[in-house]
Amino acid sequence: QVQLVESGGGLVQAGGSLRLSCAASGRTFSSYIMGWFRQAPGKEREFVACISRNSGRTYYADSVKGRFTISRDNAKNTVYLQMNSLKPEDTAVYYCARSWSNWPPHAGTEYDSWGQGTQVTVSS
């Protein structure tokens, strides 16, 4: 089973930026679509973004489009989420995940491996 470990979360003021990283232990990292989800207290988990195997395609939730950028470095088995112009409503635990499914997977059921999450808190 692949292991995914997120890092880079923290506390920032509205308008600030953070970059999240997710390191994967699997030997077939480049064979999978990778995605980011988030979950705020008392809310349902929601899709944020995903990226294709060769980085050629990306897909974003409307709530983050134009502010967040997903990228990957297959040589380092790492996927990133650059978050700019952060808003208080971005506060959540952010999870990276691996998908076996067809493009574009934006449902949690289309992902088979998950990290433990990293906390992002945006103050007003």
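Let me begin by describing the structure that accompanies this report. As the structure is a prediction and not an experimental result, all values here were calculated from the model.

The rules we used
- Residues numbered from 1 in each chain as written.
- Predicted model: local features only at pLDDT ≥ 70, side-chain atom pairs only at ≥ 80, totals over all residues.
- Heavy atoms only, no water.
- Salt bridge = Lys/Arg side-chain N within 4 Å of Asp/Glu carboxyl O.
- Helix = DSSP H or I, 4+ residues; strand = E, 2+ residues; numbered from the N terminus.
- Buried < 20%, exposed > 50% of the residue type's maximum accessible area, 1.4 Å probe, protein only.
- Pairing = 2+ DSSP bridges.
- Disulfide = S-S within 2.5 Å.

## Some points on the pattern of salt bridges
Thought 1: Inspection of the entire model under this criterion finds 5 salt bridges.
Thought 2: When the shortest N-O distance is used, the salt bridge between R38 and D90 registers 2.9 Å. Residue R38 is found in strand β4 (residues 33-39), and its partner D90 is found in the loop between β8 (78-83) and β9 (92-99); the two are separated by 52 residues along the sequence. Of the two residues, R38 and D90, neither departs from the other in class, the shared state being buried.
Thought 3: Across the pair D112 and R98 runs a salt bridge, and its minimum N-O distance is 3.1 Å. Within this pair, whereas D112 is found in strand β10 (residues 111-114), its partner R98 is found in strand β9, the two being separated by 14 residues in sequence.
Thought 4: Among the residues examined, D112 registers a relative accessible area of 33% and is labelled partly exposed.

## Structural notes on the pairing of β4
Thought 1: Most of β4 is tucked away: 6 of the 7 residues are buried.
Thought 2: Pairing of β4 with β9, which is carried by 7 bridges, proceeds in the antiparallel orientation. For M34, the partnering residue across the bridge sits in β9 and is R98.
Thought 3: The pairing of β4 with strand β5 (residues 46-51) spans 5 bridges and is antiparallel. In the strand pairing of β5, M34 is matched with I51.
Thought 4: Joining the antiparallel neighbours β4 and β5 is a turn of 6 residues, in which G42 adopts a positive phi near 75 degrees.

## Regarding the state of the cysteines
Thought 1: Scanning the model with the defined rule gives 1 disulfide in all.
Thought 2: With a sulfur-sulfur separation of 1.9 Å, C22 is cross-linked through a disulfide to C96. Handedness here is read from the sign of the S-S torsion; for C22 and C96, about 45 degrees, the answer is right-handed. With C22 in strand β3 (residues 18-24) and C96 in strand β9, this pair connects stretches of sequence that are 74 residues apart. Like C22, the residue C96 is buried in the burial classification.

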